[in-house]
Amino acid sequence: MLAGKRIVLGVTGGIAAYKAVEVSRRLVDAGAHVSPVMTAGAEHFIGRTTLSALASEPVQTSLWDEANPIPHTVLGQSADLIVVAPATARLLAAYAAGLSTDLLTNVLLATRAPVVVCPAMHTEMWEHPAVQANVATLRSRGVHIVEPEEGRLAGGDVGAGRLASPERIVAAIEAVLSTTRDLANVHVVVSAGGTREPIDAVRVIANRSSGKQGYAIAAEAAARGAKVTLVSTAELPVPAGVALRAVETAAQMQAALTELAPGADVIIMAAAVADFRPVAPAAGKIKKDQGVPQIVLEPTPDILAALGKAKLAGQVLVGFAAETSDLLANAESKLRRKHLDLIVANDVSAPGVGFQHDTNAVTLVQPGGVVHVVALADKRSIAKAVLDTVVQIRGASPTPNSKRSLTK
Ligand code: C5P
């Protein structure tokens, strides 16, 4: 797993900096090429010579080197993975804010490689809301956080904040490297956001979906090597490497998805599609003095059910079920009715779950009653769990990805 991988090891100024030497030694022993980068703070705790001796090349500390004028882009672009161990509160804040003040923070911005951050600090600092907010921001961007452990800290204190053990850090690196490219060459189509159905020229029937869960899935799939097309009504920043098809109504969403479906290996329908729309939207603005309008509604097409009927062999179809009661029974019935391979059910009446929140808690239901509960977590972590299951389903499928034929 680690053999031949290029790993940048960032070391910041905490007492745990000495443990970075052991992390480096283990990575090198496993065949990785380790390029160490130390911050000015780290140099107060360990000597360059120690880390250079146990890495694959000499430590770099500066952006200003005449022999090597742009070290940050060279390191950032060539890395298979970047790990920061230990990461101080300052590093977390700078990275979350996108500040590039030294070599390490520049490298972190100049890369598309996965990043593993291992915080270590005193308990008060670790539990400070500013630090926790920065950790949440980094996590939501797909940064892998190896949580500190409880134990003895510098100065004789005991509590949460001790750097994870070198074994755990190396295991986290291996886990990230093993999932990183597991969707390479897979075309994933994701729908996101709530549809808007016009009543007249200025008014719409909308819903509370923000699109955040769909965007998190698109970002995670792209980070894992997929070719991603996002069919969306939401106006959120488009994740790196994702192609956007902007739509507004259920009809437009259906048209885009019908066109994309034959070329899709995985379709994830995270959008909240209106179930009803006005039959005849007014061309202009309905005037107040014309009295209370009678808005006649008609059902919208069930996009997912249609995709289920036309599903190709080997294609994986994932639906969402936002429920306020009977979560499992409703999810299982939709799974069957719409011919899905997986349904992601959430109880949107629970605190912190579903529409507009940055967090979600879901139950993943597969045919045959296979149920997997994912506890409240940021939407990127939920996206990881959904895609892990998709990868598993594809692995188990008898005709993955190639030689398609209509199943129905
Ligand atoms: O049956 P229900 O609408 O609750 O199912 C939810 C799932 O179906 C979601 O994945 C949603 O995107 C999809 N859906 C759809 N077209 C509709 C309504 C829902 O594709 N008209």
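Heads up: the structure comes first, above all this text.
Nothing here was measured: the structure is a model prediction, and the numbers come from that model. (Residues numbered from 1 in each chain as written. Predicted model: local features only at pLDDT ≥ 70, side-chain atom pairs only at ≥ 80, totals over all residues. Heavy atoms only, no water.)

Taken together, 15 residues surround the ligand, and among them M269, A271, L304, F320 and K334 come closest. Contact between the ligand and K334: an oxygen atom at 2.4 Å from a side-chain N or O atom of the residue. Protein burial of the ligand: of its 450 Å² of free accessible surface, 88% is covered by the chains. One can see that the ligand is located within the second largest pocket. Where the shell around the ligand is concerned, the elements lending two or more residues are α11 (303-309), β16 (316-323) and α12 (327-337). Classifying every residue of the shell around the ligand by side-chain character gives eight nonpolar, two polar and five charged. (Near = heavy atom within 4 Å. Polar contact = N/O pair within 3.5 Å; in protein donor to acceptor, adjacent residues only side chain to side chain. Areas by Shrake-Rupley, 256 points an atom, 1.4 Å probe, with all protein chains shown as cover. 1 Å grid on protein atoms, 1.4 Å probe; cavity = no way out; pocket = protein on both sides within 12 Å on 5 of 7 lines; lining within 4 Å. Sits in = over half its atoms within 2 Å of the grid points. Helix = DSSP H or I, 4+ residues; strand = E, 2+ residues; numbered from the N terminus. Nonpolar A, V, L, I, M, F, W, Y, C, P; charged D, E, K, R; others polar.)

Our next topic: the sheet that holds strand β2 (residues 33-38). Taken together, five strands build an open sheet; the order of strands is β2-β1-β3-β4-β5 and the sheet is parallel. The two strands at the open ends of the sheet, each matched to only one other strand, are β2 and β5 (144-145). In the sheet, strand β1 (residues 6-11) pairs with strand β3 (residues 81-87) via four bridges, with the strands oriented parallel. Note on β3: the bridge partner recorded for G10 is V84. (Pairing = 2+ DSSP bridges.)

The peptide bond linking A85 to P86 adopts the cis configuration, its omega dihedral lying at -5 degrees. Residue placement: P86 occurs in strand β3. Positive phi is not limited to glycine here, since D326 has a value of about 45 degrees. Inspection of the secondary structure assignment puts D326 in the loop between β16 and α12. Take D326: its relative accessible area is 58%, and that puts it in the exposed class. You will see that Q356, though not glycine, has its phi angle at about 70 degrees, which is positive. (Buried < 20%, exposed > 50% of the residue type's maximum accessible area, 1.4 Å probe, protein only.)

Counting 34 residues, the largest nonpolar core has V188, V190, V228, I268 and L364 as the members making the most contacts within it. Secondary-structure elements contributing two or more residues to this core are β8 (187-192), α9 (212-223), β11 (227-232), β13 (266-269), β16, β17 (342-347), β18 (359-366) and α13 (379-396). Among the elements that line this core, the one with the most residues is α13, at seven residues. Here V188 is in contact with A221, A226, K227, V228, T229, V266 and I268, once residues within four sequence places are set aside. Residues I7, M38, V59 and L163 belong to the second largest nonpolar core, which totals 33 residues. (Core = buried A, V, L, I, M, F, W, Y, C linked by side-chain atoms within 4.5 Å. Contact = heavy atoms within 4.5 Å.)

On to the sheet that holds β13, then. Strand order in this open sheet of eight strands is β12-β11-β8-β13-β16-β17-β18-β19, and the pairing throughout is mixed. Two strands close off the open sheet at either side, each with one partner strand: β12 (242-246) and β19 (370-378). With strand direction ignored, the average angle separating the axes of adjacent strands in the sheet is 20 degrees. (Axes fitted to C-alpha atoms, helices over the stretch in contact; angles between N-to-C directions.)

Attention shifts here to α9. End to end, α9 covers 16 Å across twelve residues, agreeing with the expected 16 Å (1.5 Å per residue, within 8%). Counted residue by residue, α9 has ten buried out of twelve residues, so it is predominantly covered. Remark: G225 follows α9 within two positions and exhibits a positive phi of approximately 100 degrees. (Expected span 1.5 Å × (residues − 1).)

Here we come to a negative patch on the surface. A cluster of acidic side chains, namely E124, E127, E150 and D157, defines a negative patch on the protein surface. Along the chain, E150 turns up in strand β6 (residues 149-152). (Patch = residues over 30% accessible without salt bridge, like charges linked within 9 Å, V, L, I, M, F, W, Y side chains within 5 Å. Salt bridge = Lys/Arg side-chain N within 4 Å of Asp/Glu carboxyl O. Lys, Arg positive; Asp, Glu negative; His and termini not counted. Charge placed at Lys NZ, Arg CZ, Asp CG, Glu CD.)

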